[in-house]
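Here are the chains, one letter per residue:
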Amino acid sequence: AQSVTQLGSHVSVSEGALVLLRCNYSSSVPPYLFWYVQYPNQGLQLLLKYTTGATLVKGINGFEAEFKKSETSFHLTKPSAHMSDAAEYFCAVRNTNAGKSTFGDGTTLTVKP
Amino acid sequence: DTAVSQTPKYLVTQMGNDKSIKCEQNLGHDTMYWYKQDSKKFLKIMFSYNNKELIINETVPNRFSPKSPDKAHLNLHINSLELGDSAVYFCASSREGANEKLFFGSGTQLSVL
């Protein structure tokens, strides 16, 4: 079984401030973890993913995430928010032996000028 | 060229009607999916096909019937539409392998009146 919990359905930051979006997962086997971003009226696109190896993963648009097995977390960060980062962010987990991705409920990121 | 394209983008129809949504991917992927995103942005998998074979069928009313004529196409037919079917439906595709990312189409906004 696998599941994802995103803490905070809405996060608001000022432009230039740190972005932190939280994701905790549950998986009975080693997980693959993903962050996707959805801009208004668009489909989801991959920001970054963790499969194996280095636990700090860098993605597009300056985002990164760290896989912490002991905390079952995969939080997404960006040092300095930009107005264009305003979007819906989804964390997803996929088991090594499962055919489907399970998505969290999403976090809406608002960036204030 | 759009990697995953779905048509139509908008679909407005009356309760009780039957409608279809088409999806095509030109990425050469073996696996295709249908996801439903409700008004709260929650994303749930409905179906998954691998090389034209159904491999995931979540708890979806049997009014929903996917059809995959070849591995590049996955269509979704919905019979006897209900108000609760109103949502955004996303088609996605991926290579085989749990560590592979999903490529999403831009969605079909279905409104049942």
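Above this text is the structure in question.
All figures in this text were calculated on a predicted structure; none of them were measured in a lab.

A. Here's a closer look at the overall build of chain B. Assigned secondary structure in chain B consists of zero helices and eleven strands. Seen along its three principal axes, the alpha-carbon backbone of chain B occupies a region of about 40 × 30 × 25 Å. Split into buried and exposed, the 113 residues of chain B put 44% on the buried side. Contacts in chain B between residues far apart in sequence, at least 24 positions, make up 54% of those at least 6 positions apart. Carbon and sulfur atoms form 47% of the exposed surface of chain B, whose accessible area is close to 5600 Å².

B. Main features of the pattern of salt bridges. According to the stated counting rule, one finds seven salt bridges over all chains in the structure shown. A salt bridge links Glu 64 of chain A to Lys 58 of chain A, with the shortest nitrogen-to-oxygen separation between them at 2.8 Å. Judged by its relative accessible area of 23%, Glu 64 of chain A falls in the partly exposed class. Owing to a relative accessible area of 62%, Lys 58 of chain A belongs among the exposed residues under this scheme. Close ionic contact of Asp 30 of chain B with Lys 71 of chain B constitutes a salt bridge, the shortest N to O distance being 2.7 Å. Of this pair, Asp 30 of chain B sits in the loop between strand 3 (19-25) and strand 4 (31-37) while Lys 71 of chain B is found in the loop between strand 7 (64-70) and strand 8 (73-78), placing the two residues 41 residues apart along the sequence. The structure contains a network of salt bridges with shared partners spanning Arg 63, Glu 82 and Asp 85 of chain B.

C. Structural context of the nonpolar core. Residue and element names in this part refer to chain A. Counting 27 residues, the largest nonpolar core has Trp 35, Leu 47, Leu 48, Phe 74, Leu 76 and Tyr 89 as the members making the most contacts within it. Of all the elements in the fold, those that place two or more residues in this core are strand 2 (10-14), strand 3 (19-27), strand 4 (31-38), strand 5 (44-50), strand 7 (64-68), strand 8 (73-78), strand 9 (87-95) and strand 11 (107-112). Every residue in contact with Tyr 89, bar those within four places of it in the chain, is listed here: Gln 6, Leu 21, Trp 35, Tyr 36, Val 37, Leu 47, Phe 63, Leu 76, Gly 106, Thr 107 and Leu 109.

D. Representation of the packing of aromatic side chains within the structure. What the rule picks out here adds up to 13 aromatic pairs over all chains. Each ring, one from Tyr 50 of chain A and one from Phe 67 of chain A, has its centre 4.3 Å from the other, and the planes form 20°; the classification is stacked. Here Phe 67 of chain A lies in strand 7 and Tyr 50 of chain A lies in strand 5, a separation of 17 residues in the sequence. Its relative accessible area of 10% is what places Phe 67 of chain A among the buried residues. Of the aromatic side chains, those joined through ring pairs into one cluster are Phe 34, Tyr 36, Phe 90 and Phe 103 of chain A together with Tyr 33, Tyr 35, Phe 90 and Phe 104 of chain B.

Basis of the calculations
- Residues numbered from 1 in each chain as written.
- Chains lettered and ligands numbered in written order.
- Predicted model: local features only at pLDDT ≥ 70, side-chain atom pairs only at ≥ 80, totals over all residues.
- Heavy atoms only, no water.
- Helix = DSSP H or I, 4+ residues; strand = E, 2+ residues; numbered from the N terminus.
- Buried < 20%, exposed > 50% of the residue type's maximum accessible area, 1.4 Å probe, protein only.
- Contact = heavy atoms within 4.5 Å.
- Areas by Shrake-Rupley, 256 points an atom, 1.4 Å probe, with all protein chains shown as cover.
- Salt bridge = Lys/Arg side-chain N within 4 Å of Asp/Glu carboxyl O.
- Core = buried A, V, L, I, M, F, W, Y, C linked by side-chain atoms within 4.5 Å.
- Phe/Tyr/Trp six-rings, centres within 6.5 Å; stacked < 30°, edge-to-face > 60°.

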